[in-house]
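Take a look at the letters that make up each chain.
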Amino acid sequence: MGSLLSAIALQPAYLATQAKFPDVKVVAIQDDCNLIGTAQQVLHAADFLTKDLRKLGATTNPTKTKILWPHDEEAPLLLREWARHHGLHVLAVANINGTVIGRRDEVPDMAADILAKEDLVHQRLRLPAVGAQHAMLALRAACNQQPVYLTRTIDHQLTSKAMLHHDRNMYTTLATIANDPTLTPQEEDPFPERDFVKHIASLPLRHGGIGLMQRHKPEHAAAAHIGSWINALQYLDNPDVADKHPAHRRSLNQAFALLHRQADADEQMQRQVSSLFTLEQLRQLSVDHNPSRALADIAIAVRPGQQHPSLKPGYHKAQTTLMRALQAAAAKRIESTSPDMRVLLQATSAKASYAWLLAVPQQDCEDDLTLDNTDLRIALALRLGTSPAHPDLAKHLGMCPCERVCLADNPAHALACKHNQGFVTQRHDQVVATLARYARIAEIPCKVEPSGTELQGRPNNKPDLRITLANKRTYVDARIVNCLAPSNRARALTQLAVADKAAKDKTNKWAPKATAVGATFVPFVAETPGGLHKQAVGLIKAIAAACSDYAMYSRLEMLTTLTQAVAVAIQRGNARILKEAWRRDQEGPIRLL
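Note that the coordinates shown come from a computational prediction; the quantities given were computed from them, not determined experimentally.

Focus: the overall build of the protein chain
Consideration 1: If you tally the helices and strands in the protein chain, you get 23 helices and eight strands.
Consideration 2: Across the 593 residues of the protein chain, 50% fall into the buried class.
Consideration 3: Of all intrachain contacts in the protein chain linking residues separated by at least 6 positions in sequence, the fraction that spans at least 24 positions is 63%.
Consideration 4: Per element, the accessible surface of the protein chain, about 28700 Å² overall, is 53% carbon and sulfur.

Here it is as structure tokens:
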């Protein structure tokens, strides 16, 4: 309501400006206002609007106010002086988002301003008082978005140093959050090819990473540059604008050449890019003296109601497609290095395996979405394939209590070792308790560990949960399997294959008994990195769909919150097991005399 009431309050000023300057087009959406017209009239209208807004108790925000000059010639002196007087920037050839894709006189200054603000943000995120979970959310959100602005400038080579500075900052902060000095970029070679941990972290969540994209890579800047041109040309009256400026033409040719070299050398990249360009088309665009002709065809293809027979569909998402092609190719390169790496990425890219990274702590959830600093650091280490370090002792894991495996080399072993069975059971019980709690929040009847006699069995032989969905009893039995164990390595090369086998075993055991009493059975199987079997995902969706209209959450909120709460419960359980391994390593096993 606040935004709506604010817009209603500002409307008289907008209407007065339009009436005073009929030749100026005033377009207002919520609290954003655009004035379109000749330079002199727009400046007078802006002064008038500013005075009227002050009468209403409102002011303009100079940091968000921009002057767009979409012409080939330089902006008039009057416009530049007015902008300088008001502390505003004049931008040339802008795309629909208002970010620069054309020429700007102070590109290095703009980069310096953005990075100076980022430096301050990173310094604050590294403070011990900032919780690791909150710092991780801020790092993935705020610090990973604004540099996209720089990668769309006319010459992506101008921003390479700025992007490298951004990446160093980002990974230094990640090293602080994760309590892992090995993630800190080195001076001589910040991101070496064989440093797979940093490259895994740069992958998006859906490919098993953390989503901290390394912006200094030239091919990423090239994809952003081409994508922003394609978006902008839909809205420019003169589609040949790129040909009239040698700098535009050169930068586009360089961007296409970078993508061509990448695709030519990488078969996976070649397959991904083929939805937009063939290799021959990319090669031609890298040497074409008129690249805007091809871009103009692309712009025509995405206009509503028009199709271009010579182009493949999907150009309206050109930048997204190009970036995803680069990311998928990077993931495949890492997977190909070893079977263990393939198993790790298959597990961490499974459905819902990254939900805990998206969880925002909330007071009304009884801390179901909160990970303390140690738990988050252990979860990060397991996702990146590194050995967690003790937060206080600054040492890595020692021998497992079974005294057969060194946990520093294979921390995932502890997650299913029989010597940790008590804590493995606690992890299982926590997941079941989470399902039951949110079923009750959704006002769905449920009972934890119903008697086995309900299924015509022994009282102690019972499933984990009974839920009533659509007036029908549904029995649920949960299990968390360790897909990273050496015994599961061959099966784990296929995503969720270990979970699939466990789900079939559960179904074979319980489904006939449930059917015999007119009920249904659903196995709730998850893997230790957090991936959920399709039937577990289906159960969560069923609980969300059955959520009462009077419940605390809407159906969509229930779906998101329950998925994240289950993911957080799994990571808490993993951390508890490893913390117990640390304790035993320090104190030794308890022996009776």
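Moving on from the model shown.
Section: helix α16 (residues 339-348)
Consideration 1: Counting buried residues in α16 gives seven out of 10 residues, a clear majority hidden from the surface.
Consideration 2: Met 341, Val 343, Leu 344, Leu 345, Gln 346, Ala 347 and Thr 348 are the residues of α16 that are buried.

Digging into unusual backbone geometry
Consideration 1: The phi dihedral of Glu 449 falls on the positive side, at around 50°, and the residue is not glycine.
Consideration 2: Residue position: Glu 449 is located in the loop between β5 (446-448) and β6 (465-469).
Consideration 3: Note on Glu 449: relative accessible area 40%, which makes it partly exposed.

A short note on the pattern of salt bridges
Consideration 1: The full count for this structure, using the stated rule, is 11 salt bridges.
Consideration 2: In this structure, Lys 332 engages Glu 335 in a salt bridge whose closest nitrogen and oxygen atoms are separated by 3.9 Å. Taken together, the residues span about one helical turn, with Lys 332 and Glu 335 both in helix α15 (residues 318-335) at a distance of three residues.
Consideration 3: Overall, Lys 332 belongs to the partly exposed group, its relative accessible area being 39%.
Consideration 4: According to the relative accessible area criterion, Glu 335 is buried, its value standing at 11%.

Focus: the nonpolar core
Consideration 1: Grouped together as the largest cluster of nonpolar side chains are 73 residues, with contacts concentrated most on Met 136, Leu 174, Trp 356, Leu 380, Phe 524 and Leu 532.
Consideration 2: Per element, the largest residue contribution to this core is eight residues, and it comes from helix α23 (residues 555-587).
Consideration 3: Setting aside its immediate chain neighbours within four residues, Phe 524 contacts Val 431, Leu 435, Val 476, Asp 477, Ala 478, Arg 479, Leu 532, Ala 536, Leu 539, Ile 540 and Val 566.
Consideration 4: Core analysis: the second largest hydrophobic core is formed by 12 residues, Ala 347, Ala 502, Ala 503 and Val 525 among them.

Focus: the sheet that holds strand β8 (residues 520-527)
The strands making up a sheet associate through hydrogen bonds between their backbones, and the pairing can be parallel or antiparallel.
Consideration 1: Reading across the sheet, the four strands line up as β5-β6-β7-β8 and stay open at both edges, with mixed pairing between neighbours. If you trace the sheet from one side to the other, it starts and ends with β5 and β8, each paired once. Ignoring which end each strand starts from, the neighbouring axes of this sheet average 25° apart.
Consideration 2: Inspection of the sheet shows strand β7 (residues 472-481) paired to β8 by eight bridges, in the parallel sense. Considered in β8, the bridge of Thr 474 is made with Thr 520.
Consideration 3: Contacts from helix α21 (residues 497-516) reach β7 and β8, with the element oriented near 160° to β8.

What to know about the confidence of the model for the protein chain
Consideration 1: For the protein chain, per-residue confidence averages 76 on the pLDDT scale, and residues scoring 70 or more make up 71% of the total.
Consideration 2: Long-range and interchain partners of residues 93-107, a stretch whose pLDDT sits below 50, account for 40 contacts in this model, where long-range means more than four residues apart.

Let's talk about the pairing of β6
Consideration 1: The buried count for β6 comes to four of five residues, which makes it a mostly enclosed element.
Consideration 2: Relative to β7, β6 is paired through five bridges, and the arrangement is antiparallel. Across the sheet, the residue bridging to Arg 466 is Tyr 475, located in β7.
Consideration 3: Between β6 and β7, which pair antiparallel and follow one another directly, the connecting turn spans two residues, one of which, Ala 470, has a positive phi of 55°.

Considerations on the environment of Ala 485
Consideration 1: In this structure, Ala 485 sits in the loop between β7 and α20 (489-492).
Consideration 2: C-alpha separation for the pair Ala 485 and Ala 414, spaced 71 residues apart in sequence, amounts to 9.4 Å.

Points about the side chain of Ser 349
Consideration 1: Mapping Ser 349 onto the fold places it in the loop between α16 and α17 (355-358).
Consideration 2: Take Ser 349: its relative accessible area is 16%, and that puts it in the buried class.
Consideration 3: Within the structure, the side chain of Ser 349 is placed 2.9 Å from the side chain of Gln 495, a separation counted as a polar contact.
Consideration 4: Leaving out residues up to four positions away in the same chain, Ser 349 has contacts with Leu 205, Arg 206, His 207, Gly 208 and Gln 495.

The rules we used
- Residues numbered from 1 in each chain as written.
- Predicted model: local features only at pLDDT ≥ 70, side-chain atom pairs only at ≥ 80, totals over all residues.
- Heavy atoms only, no water.
- Helix = DSSP H or I, 4+ residues; strand = E, 2+ residues; numbered from the N terminus.
- Buried < 20%, exposed > 50% of the residue type's maximum accessible area, 1.4 Å probe, protein only.
- Contact = heavy atoms within 4.5 Å.
- Areas by Shrake-Rupley, 256 points an atom, 1.4 Å probe, with all protein chains shown as cover.
- Salt bridge = Lys/Arg side-chain N within 4 Å of Asp/Glu carboxyl O.
- Core = buried A, V, L, I, M, F, W, Y, C linked by side-chain atoms within 4.5 Å.
- Pairing = 2+ DSSP bridges.
- Axes fitted to C-alpha atoms, helices over the stretch in contact; angles between N-to-C directions.
- pLDDT = per-residue confidence, 0-100.
- Polar contact = N/O pair within 3.5 Å; in protein donor to acceptor, adjacent residues only side chain to side chain.

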